[in-house]
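A closer look at the structure
Spelled out from the first residue to the last, the chains are:
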Amino acid sequence: MTSALRLPRSTLLRHALFFVPVAALLIASTYLLSAFWNYNLAEVAIFAIAAAGLTVLTGINGQLSLGHGALMAVGAYTTSLLLKLQPGFPFVLTLVAAIVTTGLTGGIIGVAAARLRGPYLAGATLALAVGLPQVAIHFGSVLGGNQGLNVASPQPPASLGASFPQEQWLAWIAIIGAVLTLFLLANLVHGATGRTMRAVHDDETAARLAGIDVGRVQVVAFVVSASCAGLAGSLFAYWAGITAPTGFGLQLSLQLLSAIVIGGLGSLWGAVWGSIILVVLPVWTSNLAGSLNLSSDVTNNLPLAIYGAVLVLAMLVLPRGIQGTLVALVRSAHHMLTRRHLYQRTAEADL
Amino acid sequence: LRTFLILTVDGVTNGFIYAIVALALVMIWRATRVVNYAQGAMGMFTTYIALYAISHGVTYWLAFVIAVSAGFVLGAGIERLVVRPVESRPALNVVILTLGLLILLEALAPMMFGGQVKSFPAPFSRVDLSAGGTQLFVSPFDIFVVGAVLTAMVGLLLFFQRTTIGLRMRAAAFGPEISRLLGIRVGRMLMLGWGIAAALGALAGLLIAPAIFLYPNNMDEVLVFGFTGAILGGLDSPVGAVAGAILVGLGLSYVGGYVGSDLETIGGLVILIAVLMVRPQGLFATRRHRLA
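Residues numbered from 1 in each chain as written. Chains lettered and ligands numbered in written order. Predicted model: local features only at pLDDT ≥ 70, side-chain atom pairs only at ≥ 80, totals over all residues. Heavy atoms only, no water.

Facing 41 residues of chain A, the contacting portion of chain B comprises 45 residues. In this assembly, chain A packs against chain B so that about 3,900 Å² is buried in total across both faces, 78% of it on carbon and sulfur atoms. Across the chain A-chain B interface, the total number found is zero salt bridges. Every element with two or more residues in the side of chain A that touches chain B is listed here: α5 (118-138), α11 (250-264) and α13 (296-317) of chain A. When residues of the side of chain A that touches chain B are assigned to their parent elements, the largest contribution, 15 residues, is made by α5 of chain A. Its residues assigned to classes, the side of chain A that touches chain B shows 30 nonpolar, eight polar and three charged. (Contact = heavy atoms within 4.5 Å. Buried area = accessible area lost by both parts, 1.4 Å probe. Salt bridge = Lys/Arg side-chain N within 4 Å of Asp/Glu carboxyl O. Helix = DSSP H or I, 4+ residues; strand = E, 2+ residues; numbered from the N terminus. Nonpolar A, V, L, I, M, F, W, Y, C, P; charged D, E, K, R; others polar.)

Ranked by internal contacts, the top residues of the largest apolar core, which has 194 residues, are Met72 and Leu257 of chain A together with Tyr37 of chain B. Here this core gets 15 residues from one element, more than from any other, and that element is helix α10 (residues 214-240) of chain A. (Core = buried A, V, L, I, M, F, W, Y, C linked by side-chain atoms within 4.5 Å. Buried < 20%, exposed > 50% of the residue type's maximum accessible area, 1.4 Å probe, protein only.)

Quick look at empty space enclosed by the protein now. By the definition in use, this model includes three cavities of 30 Å³ or more. Considering the residues around the largest cavity, the lining is formed by Leu126, Leu250 and Leu254 of chain A together with Tyr37, Leu99, Leu102, Asp220, Leu223 and Val224 of chain B. Looking at the lining of the largest cavity element by element, the count peaks at three residues for helix α9 (residues 220-233) of chain B. In terms of residue class, the lining of the largest cavity is made up of eight nonpolar, no polar and one charged. (1 Å grid on protein atoms, 1.4 Å probe; cavity = no way out; pocket = protein on both sides within 12 Å on 5 of 7 lines; lining within 4 Å. Points joined across faces, edges and corners; volume = space filled by probe spheres on them.)

Below, the discussion takes up the pattern of salt bridges. Residue and element names in this part refer to chain B. A complete count under the given rule lists four salt bridges over all chains for this structure. A salt bridge links Arg84 to Glu79; the nearest nitrogen and oxygen atoms lie 2.9 Å apart. The exposure class of Arg84 is partly exposed, given its relative accessible area of 24%.

Glancing now at the confidence of the model for chain A. Here chain A averages 86 in pLDDT, and 94% of its residues register 70 or above. Ranking the helices and strands of chain A by mean pLDDT puts α10 of chain A first, with 93, and helix α14 (residues 321-350) of chain A last, with 74. (pLDDT = per-residue confidence, 0-100.)

Looking now at the packing of aromatic side chains. In total, this model carries 29 aromatic pairs over all chains according to the counting rule given. Aromatic pair Phe47 of chain A and Phe236 of chain A: ring centres 6.5 Å apart, planes at 45°, arrangement tilted. In this pair, Phe47 of chain A is assigned in helix α2 (residues 35-60) and Phe236 of chain A in helix α10, connecting sequence segments 189 residues apart. Measuring from ring centre to ring centre gives 5.6 Å for Trp61 of chain B and Phe144 of chain B, while their planes differ by 85°; the resulting arrangement is edge-to-face. With Trp61 of chain B in helix α3 (residues 60-83) and Phe144 of chain B in helix α5 (residues 140-162), the pair connects residues that are 83 residues apart, well separated along the chain. Judged by relative accessible area, which is 43%, Trp61 of chain B ranks as partly exposed. Three or more aromatic residues link up through ring pairs in this structure, and these residues are Tyr60, Trp61, Phe64, Phe120, Phe124, Phe141 and Phe144 of chain B. (Phe/Tyr/Trp six-rings, centres within 6.5 Å; stacked < 30°, edge-to-face > 60°.)

Given below as structure tokens:
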């Protein structure tokens, strides 16, 4: 039986066998969802792209970044500025441009970051998260200042029919982007590059002794991670319809980081779980707060308070995140089952 | 020259406030190898408590004492209740925990005290002094800020160098295992350290609030600049943290005054990156094996 179900040897093929049906399933599910949830699904997919990139950098390569929101801003502004200057610019090329500029930015930051460790890196990226949005305000004439730049929504192709909903098309684009990103990252992480990244994370000195160029690996991780943030930022600009400094504040960076830790650090699955929580939890809590009939100060801040409390509690109760806990559960269930088999076998043998 | 003087005074005054946040961060870092990102939010929360007391007829000075004591209790409580259980976990978990506390406190404050921006009283005039017709660019409140911070610093120095508890705290931070064998109650020392650090944060909150007003995330930038200062000076060195923070204050003030106020934070970032490229462990860190 096992031989019939054996998965292909090639990692690329095995991942493709998994990701293609998942993409098809997700796209099919958009037909069942309301416009509101399609919009949220698109947001989950966008966050998953950025969070997966951050997972490669922080979870696998061990470099803490508190500034990924700023990198998303680079991507979003690249796309928005392109569309402002050239309104008819092809959609896919605006995404590619965002990926390239953010990847380059990430490369520059990565060269600086390769010299920094632990809290020093955290501090530098934190300053980046706070400082970079201010550039958009200073160069207001080009980048729109506090008002930001408007971005026209991508129009669904005519072949889908004139009445095809905008939100659903947005969800399709984001899903395809997310699945493609996760597919590429899964290959990267399970290949040689991922192995060297993990080696650098576990023990820098040992990695260096094994002939790994630690600085280079760290810069590569930053470029990969930033490129993902750039794609996410670009899609975020289309999703939000506007690119303004307030959308890319410190909060965004912290949300991304908390998502990958709550989801389960070091696993791409964790990035997906974390992104779902990031989007769905506020929807639930604001519905809850709205239904409780409290004063506006309480209603407006309750979702944030719950989010903060969830972060604290998750670290106390689920230190390995959702994915880590799931894996542990599956493992212990498996363990119990196999042990029962063992007992049965020894019992039969005794008879 | 006039602008230069004004900017210098501004920079030094702000720098002293960043310095006290930096000092609090360094204290906690040395003791528990944790960067407390909730430091600023804790100071914000205690400032709200002070304002609540003042609006109920309490004098400024009593409210001042209440806020600093509340900070101490808050800090010690947080260490005991939520930080200690995660101490042995990966460093990133503690980072997320303090970020969670930051978000929680910033949401609780408007829920309890109301969300609108509030002004906070200053105990002394904020109008610049003048002596014999020449303006001095220094207000009585500026002098109070610098004086209060210096008092706190000297007090801390004496506490750590001259008292038994101070010695025990240093020992607990330096070598927890050996200290424990020598009969020092390390857990209690850590609690005390967090309490003192949070009291410093409360002081910073009280001193900055008259200038920047009081609202739930009014301390975010103060925390970032205090952190920047601490990193600039080296997270292991209290003297470095103070010097680094004053440097950050001056740097931001000059960038804001001469280049453009929008670019203040980006200016701070450039300074930070430039210094870290030359000295990745900060200006004042002694070269030794990194512990984290």
